[in-house]
Amino acid sequence: MVPALYMDAVITPNRSLSERGFVILISIITLANVASAAVFVAMGAHWVPVFLGVDLAAVVVAFLISFQRARNVERVQVTPHRVVVTYETPKWTRVVWESPTVFTRVAVDRDESDGRVIELKLALSGRETPVATALSPRERADFAEALETAIWRARRGG
């Protein structure tokens with residue numbers, strides 16, 4: 001029999017630039033670099049286009065790394081018997097936290113000035129692991145409340 005899941009949250013990092021936006025941005029940067037390169041070549045600075053090409057390549061690589069990391073997810077599962085946090089990529093899955101539900105607690109660090117959630121952690125016997133780091137402080141506060149509720153319900157079996 002498969003144990004009941006009281007929470008199965010998948011947390012993904014937010015990326016505001018779509019792939020279409022990426023193509024448009026790179027096209028604009030390429031056009032600007034080509035125009036700049038033409039001006040510099042006309043002035044006799046023949047090495048400037050090389051540096052502009054390296055600049056464009058660096059921007060493309062940075063965005064490709066960002067898109068790659070956007071496919072990484074954090075999964076938090078709460079069952080009556082255990083709390084499990086895993087990191088998942090398209091190539092591998094790694095469990096980073098596993099603890100008995102009965103003894104697991106949610107630790108929330110808040111900003112003293114405005115009460116925002118700075119960090120959310122799962123804790124057990126002196127061990128801690130951060131959770132939901134990809135979320136904004138407001139989203140993290142909502143997630144902390146949902147996680148505490150799921151653990152409370154799992155302990156009580158309902």
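That block above? That's the structure.
None of the values given here were measured: they were computed from a predicted structure.

Quick notes on the rules
- Residues numbered from 1 in each chain as written.
- Predicted model: local features only at pLDDT ≥ 70, side-chain atom pairs only at ≥ 80, totals over all residues.
- Heavy atoms only, no water.
- Axes fitted to C-alpha atoms, helices over the stretch in contact; angles between N-to-C directions.
- Helix = DSSP H or I, 4+ residues; strand = E, 2+ residues; numbered from the N terminus.
- Parallel < 35°, antiparallel > 145°, perpendicular 65-115°, else oblique.
- Contact = heavy atoms within 4.5 Å.
- Nonpolar A, V, L, I, M, F, W, Y, C, P; charged D, E, K, R; others polar.
- Salt bridge = Lys/Arg side-chain N within 4 Å of Asp/Glu carboxyl O.
- Buried < 20%, exposed > 50% of the residue type's maximum accessible area, 1.4 Å probe, protein only.
- Pairing = 2+ DSSP bridges.
- Core = buried A, V, L, I, M, F, W, Y, C linked by side-chain atoms within 4.5 Å.

J.: Can you help me understand the packing of helix α1 (residues 19-42) against helix α2 (residues 48-70) in this one?
T.: Between two packed helices, both the angle of their axes relative to each other and the distance between the axes serve to describe the pair. Running from N to C, α1 and α2 cross one another at 170°; their axes reach a closest spacing of 9 Å. The angle between α1 and α2 places the two elements in the roughly antiparallel class. Of the residues in α2, those in contact with E19, F22, L25, I26, I29, T30, N33, S36, A37, F40 and V41 of α1 are V48, P49, L52, D55, L56, V59, V60, F63 and F67. Split by residue class, the contact of α1 with α2 holds 15 nonpolar, three polar and two charged.

J.: Could you clarify how one ought to interpret the pattern of salt bridges in this entry?
T.: Pairing is possible between side chains of opposite charge, provided their charged atoms come close. Using the criterion set out here, one finds eight salt bridges in the structure. Two residues, D114 and R116, come together in a salt bridge whose shortest N-O distance is 3.1 Å. On the basis of relative accessible area, D114 is assigned to the partly exposed category, the value being 47%. R116 sits in the partly exposed class, given a relative accessible area of 43%.

J.: Please explain the sheet that holds strand β7 (residues 127-131) as it appears in this structure.
T.: Within a sheet, adjacent strands bond to each other through the backbone by hydrogen bonds, running parallel or antiparallel. Pairing in this open sheet of three strands is antiparallel, and the strands run β5-β6-β7 from one edge to the other. Of all strands in the sheet, those bounded by a partner on one side alone are β5 (105-110) and β7. On average, each strand axis in the sheet is tilted by 35° relative to the strand beside it, whichever way the strands run.

J.: Looking at this model, I keep getting lost on the nonpolar core. Mind explaining?
T.: Proteins that are soluble and globular tend to have nonpolar side chains buried together. Residues M7, V76, V78, L122, F143 and L147 are the most contacted members of the largest nonpolar core, which totals 22 residues. Among the elements of the structure, β1 (7-11), β2 (73-78), β3 (82-88), β6 (117-124) and α3 (137-156) are those that each provide at least two residues to this core. No other element matches the six residues that α3 contributes to this core. Contact partners of V76, with chain neighbours within four places excluded, come to M7, D8, A9, I11, V84, V85, V131, F143 and L147.

J.: Explain the pairing of β7 to me, please; I cannot follow it from the model alone.
T.: If a strand is regular, its side chains alternate between the two faces of the sheet. The sheet contact formed by β6 and β7 spans five bridges and is antiparallel. Across the sheet, the residue bridging to A123 is E128, located in β7. Hairpin geometry of β6 and β7 is characterised by an intervening segment of two residues between the two adjacent antiparallel strands and by a positive phi of about 50° at S125.

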